Amino acid sequence: HKSALIQTTRFSFSLYPADQLDDEFAQDLLRFAGPRTKIKRWERGVLPMGPSNPRTKRPDYIVSAGMAAGALRASSGYAFSRIQLWAQHMAHQLKDKKKLNQLHHGNAFETKMDQIFLKAFSRHPSQAPDWFLRIAERLSGDEFAQFMSETPPSRLWLKIIASMPKRPFAFAMFPDFSSKPNTS
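Residues numbered from 1 in each chain as written. Predicted model: local features only at pLDDT ≥ 70, side-chain atom pairs only at ≥ 80, totals over all residues. Heavy atoms only, no water.

Participant: I would appreciate a short explanation of helix 4 (residues 128–138) in the present structure.
Facilitator: The periodicity of an α-helix, 3.6 residues per turn, causes residues three or four places apart in sequence to face the same way. Turning to helix 4, its buried residues number three or more, namely Ala128, Trp131, Phe132 and Ile135. Along the axis of helix 4, the buried positions cluster into a sector of 100°, meaning they face one direction only. Exposed and facing more than 90 degrees away from the buried side of helix 4 are Leu133 and Glu137. (Buried < 20%, exposed > 50% of the residue type's maximum accessible area, 1.4 Å probe, protein only. Helix = DSSP H or I, 4+ residues; strand = E, 2+ residues; numbered from the N terminus. Arc of directions from axis to C-beta.)

Next comes the structure, spelled out in structure tokens:
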């Protein structure tokens, strides 16, 4: 008896139709797991990719969380680890009876790298799955999770940059340039 997690991921700059995603998942399941597969658990969701624009104007008695607090990684839409850090941060402040201050995620370098990543993806959406696979092949499982969910250290950014095709990402650094789709 074998178990597996099968995830169908699509990159889209608009909401992907649920019935279309369900059909594509059924095709992926058949292709990867075969016709006699028993599904133990099934879920569907949308991970918003892009800047999260945390809410800065709010009454003092409201504490922003999740996307409203800027917890989502722009290049992946993942937030679980950052929300866990936020919850711990808030719990310590409550326990110590301190004023609740927001926890800031990421840094300027990460924000710039995510912008470049997303711009390259938006210009070459058909290449995005291959690019994610290249990253996954180059990183360990723990490193990939850190890239998707947290603020990666410099050594990890270097591995990610080394795994990517240079031309589309170099052109994505500049607002006025565009590159032709990369065929390699």
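Participant: How do you make sense of the packing of aromatic side chains when you look at a structure like this?
Facilitator: Given two aromatic rings, their pairing is described by the distance between the two centres and the angle made by the two planes. Per the counting criterion, the structure on display carries 10 aromatic pairs. With 4.5 Å between their ring centres and 40° between their planes, Phe117 and Phe121 make a pair best called tilted. One end of the pair is Phe117 and the other is Phe121, both in helix 3 (residues 108–123) and four residues apart, which spans about a single turn. For Phe121, a relative accessible area of 3% corresponds to the buried category. Geometrically, the ring pair formed by Trp131 and Phe169 is tilted, given 4.8 Å between the ring centres and 55° between the ring planes. Of this pair, Trp131 sits in helix 4 while Phe169 sits in helix 7 (residues 166–172); the two residues are 38 residues apart in sequence, bridging distant segments of the chain. A single burial state applies to Trp131 and to Phe169, both of which are buried. (Phe/Tyr/Trp six-rings, centres within 6.5 Å; stacked < 30°, edge-to-face > 60°.)

Participant: It is not clear to me how the pattern of salt bridges should be interpreted in this structure. Could you clarify?
Facilitator: Between side chains of opposite charge, a pair can form when the charged atoms approach closely. Here the structure, examined in full by the defined rule, presents eight salt bridges. In this structure, Asp28 engages Arg31 in a salt bridge whose closest nitrogen and oxygen atoms are separated by 2.6 Å. Pair noted here: Asp28 and Arg31 are both in helix 1 (residues 18–33), with a separation of three residues, about one helical turn. Accessibility expressed as a relative area gives 58% for Arg31, which makes it exposed. Put simply, Arg82 and Glu110 hold a salt bridge, and the shortest N to O gap is 2.6 Å. Residue Arg82 is located in helix 2 (residues 80–95), and its partner Glu110 is located in helix 3; the two are separated by 28 residues in the primary sequence. In terms of burial, Arg82 and Glu110 fall into one category: buried. (Salt bridge = Lys/Arg side-chain N within 4 Å of Asp/Glu carboxyl O.)

Participant: Where do I start with the environment of Gly70 in this structure?
Facilitator: Considering the arrangement of structural elements, one finds Gly70 in the loop between helix 1 and helix 2. Judged by relative accessible area, Gly70 falls into the buried class, the value being 12%. A sequence separation of 82 residues divides Gly70 from Pro152, and the C-alpha atoms of the two residues are 16 Å apart.

Participant: How should I be thinking about the packing of helix 5 (residues 141–149) against helix 6 (residues 154–163) in this particular structure?
Facilitator: Helix-helix packing: each pair is described by the crossing angle between the helix axes and the interaxial distance. Contact geometry for helix 5 and helix 6: axes closest at 11 Å, N-to-C directions at 95°. The angle between helix 5 and helix 6 falls in the class roughly perpendicular. Judged by residue contacts, Glu143, Gln146 and Phe147 of helix 5 engage Arg155, Leu156, Trp157, Lys159 and Ile160 from helix 6. Looking at side-chain class alone, the contact of helix 5 with helix 6 contains four nonpolar, one polar and three charged residues. (Axes fitted to C-alpha atoms, helices over the stretch in contact; angles between N-to-C directions. Parallel < 35°, antiparallel > 145°, perpendicular 65-115°, else oblique. Contact = heavy atoms within 4.5 Å. Nonpolar A, V, L, I, M, F, W, Y, C, P; charged D, E, K, R; others polar.)

Participant: Would you mind going over unusual backbone geometry with me for this structure?
Facilitator: Phi angles above zero are rare outside glycine, and Lys97 is one such case at about 55°. Along the chain, Lys97 turns up in the loop between helix 2 and helix 3.

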